[in-house]
Amino acid sequence: MTYGMHWEWRGFGRLEPTVRRRVEQLSPTTQTGLPVADRYLWRPGLSVNVKLRSGPAGDVLKFKRLWTRSEDSAYQIWVESPMDEHHLPASPALVAHIAAALGVSVAAPASPLDAASLLGYLRGLAPELEVVTVRKVRRSFFTEWGTTPVWVDVAELSEPERLTSVGLEDGGGISEDAPVEQIAAALEAVRSVREQLRVELPAMSYLDAVARWAEGKTILPLQ
(Lines give C-alpha, C1' and ligand atoms only; values in the text may rest on other atoms or scores of the structure.)
Protein backbone atom coordinates (compact mmCIF):
# COMPACT_ATOMS: atom_id res chain seq x y z
CA MET A 1 0.00 0.00 0.00
CA THR A 2 2.83 2.40 0.88
CA TYR A 3 6.05 3.03 -1.04
CA GLY A 4 9.22 3.87 0.81
CA MET A 5 10.09 2.80 4.35
CA HIS A 6 7.17 2.20 6.69
CA TRP A 7 6.03 0.37 9.78
CA GLU A 8 3.59 -2.47 9.22
CA TRP A 9 1.49 -4.71 11.41
CA ARG A 10 -0.34 -7.65 9.84
CA GLY A 11 -2.51 -10.43 11.20
CA PHE A 12 -4.21 -13.52 9.76
CA GLY A 13 -7.28 -15.40 10.96
CA ARG A 14 -11.04 -15.01 11.42
CA LEU A 15 -12.05 -11.35 11.71
CA GLU A 16 -14.77 -10.63 14.25
CA PRO A 17 -17.87 -8.94 12.70
CA THR A 18 -17.63 -6.03 15.16
CA VAL A 19 -14.01 -5.41 14.17
CA ARG A 20 -14.92 -5.60 10.48
CA ARG A 21 -17.64 -2.97 11.00
CA ARG A 22 -15.17 -0.65 12.73
CA VAL A 23 -12.74 -1.00 9.83
CA GLU A 24 -15.47 -0.41 7.25
CA GLN A 25 -16.39 2.88 8.97
CA LEU A 26 -12.98 4.27 7.92
CA SER A 27 -12.54 6.18 4.65
CA PRO A 28 -12.39 3.64 1.79
CA THR A 29 -9.68 4.06 -0.85
CA THR A 30 -11.17 1.28 -3.00
CA GLN A 31 -14.92 1.14 -3.54
CA THR A 32 -14.99 -2.55 -4.46
CA GLY A 33 -12.80 -5.52 -3.72
CA LEU A 34 -9.77 -5.98 -5.98
CA PRO A 35 -9.05 -9.62 -6.92
CA VAL A 36 -5.34 -10.45 -6.72
CA ALA A 37 -3.31 -13.57 -7.52
CA ASP A 38 0.21 -13.60 -6.08
CA ARG A 39 2.86 -16.29 -6.40
CA TYR A 40 5.37 -15.92 -3.56
CA LEU A 41 8.90 -17.23 -3.98
CA TRP A 42 10.26 -18.62 -0.72
CA ARG A 43 13.21 -20.55 0.61
CA PRO A 44 14.41 -21.03 4.23
CA GLY A 45 16.04 -17.98 5.79
CA LEU A 46 14.67 -15.51 3.26
CA SER A 47 14.18 -11.90 4.50
CA VAL A 48 12.85 -10.50 1.23
CA ASN A 49 9.21 -10.73 0.19
CA VAL A 50 9.39 -11.74 -3.50
CA LYS A 51 6.19 -12.24 -5.44
CA LEU A 52 4.83 -12.47 -8.96
CA ARG A 53 1.50 -10.64 -9.22
CA SER A 54 -0.77 -11.50 -12.13
CA GLY A 55 -3.32 -8.97 -13.31
CA PRO A 56 -4.78 -7.09 -16.28
CA ALA A 57 -1.42 -5.43 -16.91
CA GLY A 58 0.37 -8.78 -17.08
CA ASP A 59 2.85 -10.37 -14.69
CA VAL A 60 4.73 -8.02 -12.36
CA LEU A 61 7.58 -9.04 -10.07
CA LYS A 62 7.67 -7.18 -6.74
CA PHE A 63 10.26 -7.02 -3.97
CA LYS A 64 9.50 -5.95 -0.40
CA ARG A 65 12.53 -5.84 1.91
CA LEU A 66 12.52 -6.30 5.68
CA TRP A 67 14.61 -3.66 7.45
CA THR A 68 13.94 -4.26 11.16
CA ARG A 69 11.38 -5.51 13.68
CA SER A 70 9.98 -4.11 16.91
CA GLU A 71 11.15 -5.66 20.17
CA ASP A 72 8.15 -8.01 20.23
CA SER A 73 8.52 -8.72 16.45
CA ALA A 74 4.81 -7.91 15.93
CA TYR A 75 5.65 -4.76 13.95
CA GLN A 76 8.20 -4.53 11.15
CA ILE A 77 9.73 -1.83 9.03
CA TRP A 78 9.55 -2.77 5.36
CA VAL A 79 11.03 -0.99 2.36
CA GLU A 80 9.12 -0.87 -0.93
CA SER A 81 10.21 1.03 -4.02
CA PRO A 82 8.70 1.53 -7.49
CA MET A 83 12.19 0.59 -8.72
CA ASP A 84 11.59 -2.88 -7.27
CA GLU A 85 8.56 -3.54 -9.48
CA HIS A 86 9.40 -5.20 -12.80
CA HIS A 87 7.13 -6.22 -15.64
CA LEU A 88 7.85 -9.60 -17.20
CA PRO A 89 9.37 -11.06 -19.31
CA ALA A 90 12.46 -10.75 -17.12
CA SER A 91 15.67 -9.62 -18.79
CA PRO A 92 18.85 -11.62 -18.09
CA ALA A 93 20.00 -8.83 -15.75
CA LEU A 94 16.70 -8.94 -13.86
CA VAL A 95 16.93 -12.72 -13.51
CA ALA A 96 20.36 -12.30 -11.92
CA HIS A 97 18.88 -9.62 -9.62
CA ILE A 98 16.03 -11.93 -8.57
CA ALA A 99 18.44 -14.79 -7.93
CA ALA A 100 20.62 -12.56 -5.74
CA ALA A 101 17.58 -11.50 -3.67
CA LEU A 102 16.71 -15.17 -3.19
CA GLY A 103 20.30 -16.07 -2.30
CA VAL A 104 20.71 -18.28 -5.36
CA SER A 105 23.88 -18.38 -7.45
CA VAL A 106 22.99 -18.10 -11.11
CA ALA A 107 24.48 -17.40 -14.50
CA ALA A 108 22.14 -15.02 -16.31
CA PRO A 109 20.13 -16.73 -19.06
CA ALA A 110 20.76 -15.88 -22.70
CA SER A 111 17.30 -14.39 -23.29
CA PRO A 112 14.35 -12.90 -21.34
CA LEU A 113 12.09 -15.28 -19.40
CA ASP A 114 8.33 -15.18 -18.98
CA ALA A 115 6.76 -16.10 -15.63
CA ALA A 116 6.59 -19.87 -16.18
CA SER A 117 10.12 -20.04 -17.61
CA LEU A 118 11.47 -17.87 -14.80
CA LEU A 119 10.01 -20.09 -12.08
CA GLY A 120 11.27 -23.22 -13.81
CA TYR A 121 14.73 -21.70 -14.24
CA LEU A 122 15.03 -20.69 -10.57
CA ARG A 123 13.71 -24.02 -9.32
CA GLY A 124 16.28 -25.81 -11.42
CA LEU A 125 19.01 -23.84 -9.63
CA ALA A 126 17.48 -24.08 -6.15
CA PRO A 127 15.33 -27.22 -5.75
CA GLU A 128 14.36 -26.10 -2.23
CA LEU A 129 12.65 -22.98 -3.68
CA GLU A 130 8.90 -23.05 -3.03
CA VAL A 131 6.23 -21.15 -4.95
CA VAL A 132 3.14 -20.42 -2.86
CA THR A 133 0.05 -19.13 -4.66
CA VAL A 134 -2.16 -16.73 -2.70
CA ARG A 135 -5.52 -15.67 -4.12
CA LYS A 136 -7.37 -12.86 -2.39
CA VAL A 137 -9.79 -9.98 -2.75
CA ARG A 138 -8.49 -6.75 -1.22
CA ARG A 139 -10.13 -3.64 0.14
CA SER A 140 -8.23 -0.63 1.45
CA PHE A 141 -9.14 2.10 3.95
CA PHE A 142 -7.52 5.27 5.27
CA THR A 143 -7.35 6.95 8.66
CA GLU A 144 -4.98 9.16 10.66
CA TRP A 145 -3.44 9.08 14.10
CA GLY A 146 -2.50 12.63 14.98
CA THR A 147 -0.83 13.85 11.81
CA THR A 148 0.35 10.41 10.65
CA PRO A 149 -1.62 8.71 7.84
CA VAL A 150 -2.38 5.04 8.37
CA TRP A 151 -3.65 2.68 5.66
CA VAL A 152 -5.70 -0.39 6.58
CA ASP A 153 -5.77 -3.30 4.14
CA VAL A 154 -8.36 -6.08 4.40
CA ALA A 155 -7.80 -9.15 2.24
CA GLU A 156 -10.17 -12.11 1.99
CA LEU A 157 -8.02 -15.11 1.07
CA SER A 158 -9.44 -18.10 -0.78
CA GLU A 159 -6.10 -19.88 -1.36
CA PRO A 160 -4.08 -21.53 0.13
CA GLU A 161 -6.65 -21.36 2.94
CA ARG A 162 -9.80 -19.37 3.62
CA LEU A 163 -9.15 -16.60 6.12
CA THR A 164 -8.85 -12.83 6.45
CA SER A 165 -5.67 -10.79 6.58
CA VAL A 166 -5.60 -7.26 8.00
CA GLY A 167 -2.58 -5.02 7.47
CA LEU A 168 -1.84 -1.54 8.83
CA GLU A 169 0.90 0.69 7.43
CA ASP A 170 2.04 4.17 8.36
CA GLY A 171 2.52 6.93 5.80
CA GLY A 172 4.75 9.07 7.98
CA GLY A 173 7.61 9.26 5.50
CA ILE A 174 10.27 7.68 7.71
CA SER A 175 13.74 6.85 6.39
CA GLU A 176 17.00 5.39 7.63
CA ASP A 177 18.12 8.92 8.47
CA ALA A 178 14.88 9.96 10.20
CA PRO A 179 15.10 11.07 13.84
CA VAL A 180 14.41 8.35 16.38
CA GLU A 181 11.38 10.31 17.56
CA GLN A 182 9.82 10.28 14.08
CA ILE A 183 10.33 6.54 13.70
CA ALA A 184 8.84 5.96 17.16
CA ALA A 185 5.84 8.20 16.36
CA ALA A 186 5.14 6.27 13.15
CA LEU A 187 5.21 2.99 15.09
CA GLU A 188 2.90 4.46 17.73
CA ALA A 189 0.43 5.53 15.03
CA VAL A 190 0.16 1.98 13.65
CA ARG A 191 -0.05 0.46 17.12
CA SER A 192 -2.70 2.95 18.26
CA VAL A 193 -4.93 2.46 15.20
CA ARG A 194 -4.75 -1.32 15.66
CA GLU A 195 -5.74 -0.93 19.32
CA GLN A 196 -8.53 1.49 18.40
CA LEU A 197 -9.92 -0.99 15.86
CA ARG A 198 -9.31 -3.87 18.33
CA VAL A 199 -7.77 -6.12 15.71
CA GLU A 200 -6.59 -9.18 17.67
CA LEU A 201 -5.61 -11.56 14.88
CA PRO A 202 -2.39 -13.57 15.29
CA ALA A 203 0.37 -11.21 14.11
CA MET A 204 2.58 -12.32 11.24
CA SER A 205 3.92 -10.84 8.01
CA TYR A 206 3.22 -12.34 4.60
CA LEU A 207 6.78 -13.65 4.72
CA ASP A 208 5.94 -15.52 7.94
CA ALA A 209 2.63 -16.78 6.53
CA VAL A 210 4.21 -17.97 3.29
CA ALA A 211 6.84 -19.86 5.29
CA ARG A 212 4.07 -21.77 7.10
CA TRP A 213 2.23 -22.55 3.86
CA ALA A 214 5.46 -23.63 2.14
CA GLU A 215 6.04 -26.09 4.98
CA GLY A 216 2.54 -27.56 4.55
CA LYS A 217 1.16 -25.87 7.70
CA THR A 218 -1.99 -23.78 8.14
CA ILE A 219 -2.60 -20.57 10.06
CA LEU A 220 -6.09 -20.86 11.55
CA PRO A 221 -5.13 -23.28 14.37
CA LEU A 222 -3.01 -20.46 15.79
CA GLN A 223 -6.15 -18.51 16.71
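First, a word on scope: everything that follows refers to the structure included in this document.

A word on the overall build of the chain
And then number 1: The secondary structure content of the chain amounts to five helices and ten strands.
And then number 2: The globule rule puts the C-alpha radius of gyration for 223 residues at 17 Å, and the 18 Å found for the chain is close to it.
And then number 3: Along the longest, intermediate and shortest principal axes, the C-alpha atoms of the chain span 50 × 40 × 35 Å.
And then number 4: For the chain, with 223 residues in total, the buried portion stands at 48%.
And then number 5: Put simply, of all contacts in the chain between residues at least 6 apart along the chain, 63% involve residues at least 24 apart.
And then number 6: With an accessible surface of roughly 10,600 Å², the chain has 52% of that area assigned to carbon and sulfur atoms.
And then number 7: The average position of the 24 basic charges and that of the 28 acidic charges among the side chains of the chain differ by 6 Å.

Brief notes about the side chain of Ser192
And then number 1: Take Ser192: it is sitting in helix H4 (residues 180-197).
And then number 2: You can call Ser192 buried: its relative accessible area is 6%.
And then number 3: A polar side-chain atom of Ser192 sits 2.8 Å from the main-chain carbonyl oxygen of Glu188.

Notes on the nonpolar core
Side chains of nonpolar character tend, in soluble globular proteins, to be buried together.
And then number 1: Membership of the largest hydrophobic core comes to 27 residues, with the highest contact counts inside it found for Trp7, Trp9, Val152, Val166, Leu168 and Leu197.
And then number 2: Ranked by residue count, the leading element in this core is H4, at seven residues.

Quick look at empty space enclosed by the protein
And then number 1: Enumeration according to the criterion identifies one cavity of 30 Å³ or more in this entry.
And then number 2: Put simply, the largest cavity is a space of about 30 Å³.
And then number 3: Lining of the largest cavity is provided by Tyr40, Leu41, Leu46, Val48, Asn49, Val50, Leu207 and Val210.
And then number 4: For the lining of the largest cavity, the leading source of residues is strand S4 (residues 48-55), giving three residues.
And then number 5: Counted by class, the lining of the largest cavity contains seven nonpolar, one polar and no charged residues.

Rules and cut-offs
- Residues numbered from 1 in each chain as written.
- Predicted model: local features only at pLDDT ≥ 70, side-chain atom pairs only at ≥ 80, totals over all residues.
- Heavy atoms only, no water.
- Helix = DSSP H or I, 4+ residues; strand = E, 2+ residues; numbered from the N terminus.
- Rg over C-alpha atoms; globule rule 2.2 N^0.38 Å.
- Buried < 20%, exposed > 50% of the residue type's maximum accessible area, 1.4 Å probe, protein only.
- Contact = heavy atoms within 4.5 Å.
- Areas by Shrake-Rupley, 256 points an atom, 1.4 Å probe, with all protein chains shown as cover.
- Lys, Arg positive; Asp, Glu negative; His and termini not counted.
- Charge placed at Lys NZ, Arg CZ, Asp CG, Glu CD.
- Polar contact = N/O pair within 3.5 Å; in protein donor to acceptor, adjacent residues only side chain to side chain.
- Core = buried A, V, L, I, M, F, W, Y, C linked by side-chain atoms within 4.5 Å.
- 1 Å grid on protein atoms, 1.4 Å probe; cavity = no way out; pocket = protein on both sides within 12 Å on 5 of 7 lines; lining within 4 Å.
- Points joined across faces, edges and corners; volume = space filled by probe spheres on them.
- Nonpolar A, V, L, I, M, F, W, Y, C, P; charged D, E, K, R; others polar.

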